[in-house]
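Structural characterization, general
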Amino acid sequence: MNSSDRRNLRRTTTAEPVWLHYYSYQGKFYTILAIKYDMQEEVLLTISNRIKEIRLAKKITAERLAKNAKVSKGLISQIENNRTVPSLPVLINILQALEVDLNDFFKNISFERESRKTVELKKPNEYKTFQKEHVKGFLYHRIFTRSILDNAVDFVLLELKEGARRKKKIVTESFEFNYMLKGKLECEVGDETYFFSEGESMFFDSRIEHNLANVGEGDAVMLIVYFFIKPDMK
């Protein structure tokens, strides 16, 4: 798909306008809503999860998908694990590499922004458990995902089983706030190592390679707030 196939024709009538893009691909016209950071962030997470589900269902490795989509394997991993949001051209390349009809992919994904309550209360049984990475003993529970002043913010509870540790450092396209609710953790950020326990907190640029391990007795629980980075802020 060439850039000449893309034309901004009109704006939608949603609360906060976004561009509709029309594409000509293999003799068909497709309509797709461009991803912007003011879009409801649950939609972005749904897109990332759906990419992963389709790839696994088709038994395509992340390495093969990255090669066919002309992106890095690391970027595919970050997108699938909700560590970054794909740009529109990258998303289109990934869907083409998966040989997915664009209209089918976006079917049943609502782009309408839900009205937000002034105060929203959630009970623990309403938290959504999800897999952010393939690491034994790391259990993620999403509390809220919101767009605040055009920036994606993800509020997550991370439970680390006793002895849980990543095998290698990771990066996330965000700034990160951590607050220890229970236990003791070791956090490596770059070349530095930090230890923090219940009641302590830390804030750092998680675009720097970092790692996490439960070094205390018993399970540990930590509140994480991800402040995702816009492309023009990198």
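First things first, this report covers the structure right here in the doc.

A closer look at the overall build of the protein
Across its full length, the protein carries five helices and 12 strands. Looking at the protein as a whole, 45% of its 234 residues are labelled buried. For the protein, restricting intrachain contacts to residue pairs at least 6 apart in sequence, the fraction spanning at least 24 positions comes to 63%. With an accessible surface of roughly 13,200 Å², the protein has 50% of that area assigned to carbon and sulfur atoms.

Examining the sheet that holds strand S8 (residues 184–189)
The three strands lie next to each other as S9-S8-S11, forming an open sheet whose pairing is antiparallel. Two strands close off the open sheet at either side, each with one partner strand: strand S9 (192–197) and strand S11 (210–214). Each neighbouring strand pair of the sheet contributes to a mean axis angle of 20°, computed without reference to strand direction. Two strands pair when backbone bridges link them, and S8 and S9 are joined in this way by six bridges, in the antiparallel orientation.

Re unusual backbone geometry
Even without a glycine there, the phi angle at Lys59 is positive, about 55°. If you trace the backbone, Lys59 turns up in the loop between helix H1 (41–57) and helix H2 (62–69). Judged by relative accessible area, Lys59 falls into the exposed class, the value being 74%. Of note, Lys70 is a non-glycine position whose phi angle comes to about 60°, a positive value. Mapping Lys70 onto the fold places it in the loop between H2 and helix H3 (73–80).

A closer look at the layout of surface pockets
One number sums up the size of the largest pocket: a volume of about 660 Å³. Looking at the largest pocket, it is lined by 22 residues, and the ones nearest its centre are Ser77, Asn81, Glu133, Lys168 and Ile170. Of the residues belonging to the lining of the largest pocket, the class tally is four nonpolar, five polar and 13 charged.

What about the packing of aromatic side chains?
Applying the stated rule across the entire model yields three aromatic pairs. Ring plane angle 5° and centroid distance 6.1 Å describe the contact between Phe175 and Phe203, whose orientation is recorded as stacked. Of the two residues, Phe175 is situated in strand S7 (residues 174–182) and Phe203 in strand S10 (residues 201–205); the sequence distance between them amounts to 28 residues. For Phe175, a relative accessible area of 26% puts it in the partly exposed group.

Here we look at the packing of H2 against helix H4 (residues 88–97)
Here H2 crosses H4 at 115°, and the two axes come no closer than 8 Å. In terms of crossing hand, the pair formed by H2 and H4 is right-handed. Contacts from Leu65, Asn68 and Ala69 of H2 reach H4 at Asn93, Ile94 and Ala97.

Description of H2
Those residues of H2 that fall on the buried side of the exposure criterion are Ala62, Leu65, Ala66 and Ala69. Viewed along the axis of H2, the buried residues span an arc of 100°, placing them on a single side of the element. Exposed side of H2, more than 90 degrees from the buried face: Glu63 and Lys67 are the residues found there. Phi turns positive one or two residues past the end of H2, at Lys70, with a value near 60°.

Description of H3
Inspection of H3 places Ile76, Gln78, Ile79 and Glu80 among the buried residues, and these make up the whole buried set. Just beyond H3, the residue with positive phi is Asn82, at close to 60°.

Looking at the nonpolar core
Counting residues in hydrophobic clusters, the biggest one holds 23 residues, and the most contacted among them are Ile51, Leu65, Ile76, Ile94, Leu95, Leu98 and Phe105. Elements with a contribution of two residues or more to this core: H1, H2, H3, H4 and helix H5 (102–106). The element that contributes the greatest number of residues to this core is H4, accounting for seven residues. What Ile51 contacts, discounting residues up to four positions off in sequence, is Ile79, Glu80, Leu91, Ile94, Leu95, Leu98 and Phe105. The next biggest cluster of nonpolar side chains, apart from the first, holds 22 residues, and it includes Val135, Leu158, Ala220 and Met222.

Reading the values: the criteria
Residues numbered from 1 in each chain as written. Predicted model: local features only at pLDDT ≥ 70, side-chain atom pairs only at ≥ 80, totals over all residues. Heavy atoms only, no water. Helix = DSSP H or I, 4+ residues; strand = E, 2+ residues; numbered from the N terminus. Buried < 20%, exposed > 50% of the residue type's maximum accessible area, 1.4 Å probe, protein only. Contact = heavy atoms within 4.5 Å. Areas by Shrake-Rupley, 256 points an atom, 1.4 Å probe, with all protein chains shown as cover. Pairing = 2+ DSSP bridges. Axes fitted to C-alpha atoms, helices over the stretch in contact; angles between N-to-C directions. 1 Å grid on protein atoms, 1.4 Å probe; cavity = no way out; pocket = protein on both sides within 12 Å on 5 of 7 lines; lining within 4 Å. Points joined across faces, edges and corners; volume = space filled by probe spheres on them. Nonpolar A, V, L, I, M, F, W, Y, C, P; charged D, E, K, R; others polar. Phe/Tyr/Trp six-rings, centres within 6.5 Å; stacked < 30°, edge-to-face > 60°. Left-handed = near helix turned anticlockwise from the far one by under 90°. Arc of directions from axis to C-beta. Core = buried A, V, L, I, M, F, W, Y, C linked by side-chain atoms within 4.5 Å.

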